[in-house]
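A structural walkthrough
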Amino acid sequence: MIRTELWDGSVPDPEAFLRGAGSELLTRRVGTAEEAAAACLFVLANAYVTGTTLAVDGGAALV
């Protein structure tokens, strides 16, 4: 889950929804657009990273 403005029109109370969703993650919060962008920039800037899937999910895959 990434907090962006897209949630504003998708659910009645986006902040409460995202707070609840984040409480289920290992990080206890949802991610920010800046964190997702930083992961993309890392992969783009690092020529040694090849053929991988980078999970930017706050630990959702582990829960």
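Residues numbered from 1 in each chain as written. Predicted model: local features only at pLDDT ≥ 70, side-chain atom pairs only at ≥ 80, totals over all residues. Heavy atoms only, no water.

1. Observations concerning the confidence of the model for the protein chain
The pLDDT averaged across the protein chain works out to 95; a share of 100% of its residues lies at or above 70. For the protein chain, per-element mean pLDDT is lowest for helix H2 (residues 33–45), which scores 96, and highest for strand S2 (residues 31–32), which scores 98. (pLDDT = per-residue confidence, 0-100. Helix = DSSP H or I, 4+ residues; strand = E, 2+ residues; numbered from the N terminus.)

2. Comments concerning helix H1 (residues 14–23)
Regarding H1, the residues found buried are Pro-14, Leu-18 and Gly-22. Each buried residue of H1 sits inside an arc of 60° when the element is viewed along its axis, so together they form one side. Turning to H1, the residues buried within the fold contact strand S1 (2–3). (Buried < 20%, exposed > 50% of the residue type's maximum accessible area, 1.4 Å probe, protein only. Arc of directions from axis to C-beta. Contact = heavy atoms within 4.5 Å.)

3. Some remarks on a nonpolar patch on the surface
On the surface, Phe-42, Val-43, Leu-54 and Val-56 cluster together to form a nonpolar patch covering roughly 310 Å² of accessible area. By the element assignment, Phe-42 lies in helix H2. (Patch = residues over 30% accessible without salt bridge, like charges linked within 9 Å, V, L, I, M, F, W, Y side chains within 5 Å. Areas by Shrake-Rupley, 256 points an atom, 1.4 Å probe, with all protein chains shown as cover. Salt bridge = Lys/Arg side-chain N within 4 Å of Asp/Glu carboxyl O.)

4. Quick word on the environment of Asp-8
With respect to the helices and strands, the residue Asp-8 is situated in the loop between S1 and H1. Under the relative-accessibility criterion, Asp-8 is labelled partly exposed at 41%. For the pair Asp-8 and Gly-51, spaced 43 residues apart in sequence, the C-alpha separation works out to 34 Å. Aside from chain neighbours lying at most four places away, what touches Asp-8 is Arg-3 and Pro-14. Side-chain polar atoms of Asp-8 contact the side chain of Arg-3, separated by 2.9 Å. (Polar contact = N/O pair within 3.5 Å; in protein donor to acceptor, adjacent residues only side chain to side chain.)

5. Topic: unusual backbone geometry
Positive phi outside glycine occurs at Arg-28, with the angle close to 65°. As for its placement among the helices and strands, Arg-28 is situated in the loop between H1 and S2. Arg-28 sits in the exposed class, given a relative accessible area of 57%.

6. Points about the pattern of salt bridges
Applying the stated criterion across every chain, the model contains three salt bridges. With a closest N to O distance of 2.9 Å, Asp-8 and Arg-3 form a salt bridge. As a salt-bridge pair, Glu-15 and Arg-3 come within 2.7 Å of each other at their nearest N and O atoms. With a gap of twelve residues between them, Glu-15 in helix H1 and Arg-3 in strand S1 connect regions that are remote in the sequence. Residue Glu-15 is classed as partly exposed on the basis of its relative accessible area of 41%. You can call Arg-3 partly exposed: its relative accessible area is 24%.

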